[in-house]
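# Results of the structural survey
Letter by letter, the chains look like this.
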Amino acid sequence: MTLDDRLLDVRGATVRYAPGRAAVDGADLRLTCGRVTALLGPSGSGKSSLLRAIAGLEKLDGGEIRFENNVWSAPGVHLPPEQRRCGVVFQDYALFPHLTALDNTAFGLRGGSRAQRRAQAMQRLIAVELEERAHAYPHQLSGGEQQRVALARALAPGPDVVLMDEPFSGLDRRLRTDLRATTARALRQSAAATLLVTHDAEEALALADTIALMSEGRIIQTGAPDALYLRPASLTAARLLGEIEVFDATVSNSHAATPLGGAPAPGFADGAPVCVLVRPESIQVRRADGDGALATITERRAGVGQLRLVCQMSDGREVMARTLLSARHRQGDAVRLSLDPDAVHVISASAA
């Protein structure tokens with residue numbers, strides 16, 4: 001059996017804490033061993049509730065959770081957390097303050113001699129590049145080091161599934177960026193099926209093999225990160241993954257006209273109302289003597305490797321574009337805006 005054959009399957013999962021709207025409402029999700037899936041959504045969308053249900057910390061009110069041929073949760077069935085072979089990393093890491101990094105990592109191991117358990121724990125610390133801090137206590141570790149100890153402890157027993165609930169939320173942006181590669185490498189080496197719960201689109205795009213978008217208790221779209229970013233199924237899905245400009249249009253000859261140019265609209269009938277979804281980097285900014293819609297730069301902000309420009313068009317609408325940091329556009333400059341037709345996406349107006 002290959003890793004791709006080993007799956008955790010969530011079908012129609014429903015969790016209710018009180019009468020009324022469900023925290024998790026008929027969610028479907030599939031996790032594959034050896035791959036990282038990010039569950040992305042805003043606060044209150046049900047992400048942590050679904051994670052807790054997979055871990056066995058919440059009972060399902062409907063649906064099923066199954067790993068391979070073993071039912072973990074279903075009507076009348078609830079496998080206890082300790083029998084699910086899940087490693088869990090919570091936001092606060094939950095390290096034991098009186099134990100060293102090595103002893104924290106070895107804490108959940110069973111079987112073998114103490115020396116064998118410590119050797120196994122050390123291998124996990126090596127995997128997260130923390131072997132030199134093995135004998136430090138939690139208060140002697142930085143936030144990023146504590147996060148890696150928590151990950152090593154979750155991986156040490158060789159779990160089938162690793163669940164991570166906003167594990168980077170307490171770290172500054174530089175640390176989060178530095179830890180992503182280490183974390184992703186350790187997770188894939190473990191061959192576990194990993195679920196990363198996050199509200200940070202950049203984090204999901206950087207870490208995951210697959211992203212599942214969650215809104216109001218439901219999984220609304222699942223797919224590869226680049227596919228979801230460029231071809232979201234709805235406006236809600238598009239906004240979960242970053243900034244978006246939306247132009248209402250009507251299809252004519254398989255194209256949708258916008259003030260910035262036409263967008264391909266294959267599969268839509270003439271006269272169909274649509275929305276053209278445009279990411280800021282899909283708006284091309286040229287000199288005023290070039291082609292495109294005339295606009296004026298009203299705001300210019302430097303970002304990490306990119307320049308953020310807010311441009312006001314002749315009808316008063318403001319749109320946001322991103323371009324190279326080396327671009328010489330300045331606030332107050334007149335520019336021409338046009339679309340990169342290969343990087344825009346058209347959806348039905350009913351999906352907006």
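Residues numbered from 1 in each chain as written. Predicted model: local features only at pLDDT ≥ 70, side-chain atom pairs only at ≥ 80, totals over all residues. Heavy atoms only, no water.

A word on the overall build of the protein. Broken down by element type, the protein carries eight helices and 21 strands. Each of the three principal axes of the protein carries a C-alpha extent, and together these read 75 × 45 × 40 Å. A buried classification covers 50% of the 352 residues belonging to the protein. Sequence-distant contacts, at least 24 apart, represent 64% of the contacts inside the protein between residues at least 6 apart. About 16500 Å² of surface is accessible on the protein, with carbon and sulfur atoms providing 48% of the total. Across the protein, the centroid of the 40 positively charged side chains sits 4 Å from that of the 40 negatively charged ones. (Helix = DSSP H or I, 4+ residues; strand = E, 2+ residues; numbered from the N terminus. Buried < 20%, exposed > 50% of the residue type's maximum accessible area, 1.4 Å probe, protein only. Contact = heavy atoms within 4.5 Å. Areas by Shrake-Rupley, 256 points an atom, 1.4 Å probe, with all protein chains shown as cover. Lys, Arg positive; Asp, Glu negative; His and termini not counted. Charge placed at Lys NZ, Arg CZ, Asp CG, Glu CD.)

This paragraph deals with the sheet that holds strand β18 (residues 306-313). Taken in spatial order, the five strands line up as β16-β20-β17-β18-β19 in an open sheet, and their pairing is antiparallel. Unpaired on one side and paired on the other, β16 (283-287) and β19 (318-324) mark the two borders of the sheet. Each strand of the sheet is rotated relative to its neighbour by a mean of 45°, with strand direction disregarded. (Pairing = 2+ DSSP bridges. Axes fitted to C-alpha atoms, helices over the stretch in contact; angles between N-to-C directions.)

In this section: the confidence of the model for the protein. The pLDDT averaged across the protein works out to 92; a share of 99% of its residues lies at or above 70. Looking across the protein, the model is least confident in helix α5 (residues 173-190), with a mean pLDDT of 83, and most confident in strand β10 (residues 210-215), with 98. (pLDDT = per-residue confidence, 0-100.)

Moving on, we come to the sheet that holds strand β1 (residues 7-15). Hydrogen bonds between backbone atoms are what pair the strands of a sheet, whose relative direction is either parallel or antiparallel. One open sheet accounts for five strands, arranged β2-β1-β4-β5-β6; its pairing is antiparallel. The open sheet has two edge strands, β2 (24-32) and β6 (77-78), and neither has a second partner. By the bridge criterion, two bridges tie strand β5 (residues 70-74) to β6 in an arrangement that is antiparallel. Opposite Ser73, over in β6, you have His78 as the bridge partner.

Looking now at the pattern of salt bridges. Scanning the model with the defined rule gives 19 salt bridges in all. Measuring nitrogen to oxygen at the nearest pair gives 2.9 Å for the salt bridge that ties Asp160 to Arg6. Taken together, the residues Asp160 in the loop between α4 (143-155) and β8 (161-165) and Arg6 in the segment before β1 connect sequence positions 154 residues apart. You'll find Asp160 and Arg6 in the same group, each marked buried. Where Asp160 meets Arg85, a salt bridge forms, and the shortest distance between an N and an O atom there is 3.1 Å. With Asp160 in the loop between α4 and β8 and Arg85 in the loop between β6 and β7 (86-89), the pair connects residues that are 75 residues apart, well separated along the chain. You can call Asp160 buried: its relative accessible area is 12%. Put simply, Glu243, Glu281, Glu299, Arg308 and Arg322 are held in one network by salt bridges that share partners. (Salt bridge = Lys/Arg side-chain N within 4 Å of Asp/Glu carboxyl O.)

This brings us to unusual backbone geometry. Even without a glycine there, the phi angle at Glu68 is positive, about 50°. Along the chain, Glu68 falls in the loop between β4 (62-67) and β5. Given the relative accessible area of 29%, Glu68 is considered partly exposed. Positive phi values are uncommon outside glycine, yet Ala94 reaches one of about 55°. Considering the arrangement of structural elements, one finds Ala94 in the loop between β7 and α2 (101-106).

Enumeration according to the criterion identifies two aromatic pairs in this entry. Where Phe67 meets Trp72, the ring centres are 5.7 Å apart and the plane angle is 25°; that geometry is what we call stacked. Both rings, one in Phe96 and one in Phe107, keep their centres 4.5 Å apart while their planes meet at 50°; by these two values the pair is tilted. With Phe96 in the loop between β7 and α2 and Phe107 in the loop between α2 and α3 (114-127), this residue pair connects regions lying eleven residues apart in the sequence. (Phe/Tyr/Trp six-rings, centres within 6.5 Å; stacked < 30°, edge-to-face > 60°.)

Of note, Glu166 is situated in the loop between β8 and α5. Residues Glu166 and Asp200, 34 residues apart in the sequence, show an inter-C-alpha distance of 8.9 Å. Excluding its chain neighbours within four sequence positions, the residues that come into contact with Glu166 are Lys47, Gln91, Val197, Thr198 and His199. Among the polar contacts listed, one links the side chain of Glu166 to the side chain of His199, at a separation of 3.1 Å. (Polar contact = N/O pair within 3.5 Å; in protein donor to acceptor, adjacent residues only side chain to side chain.)

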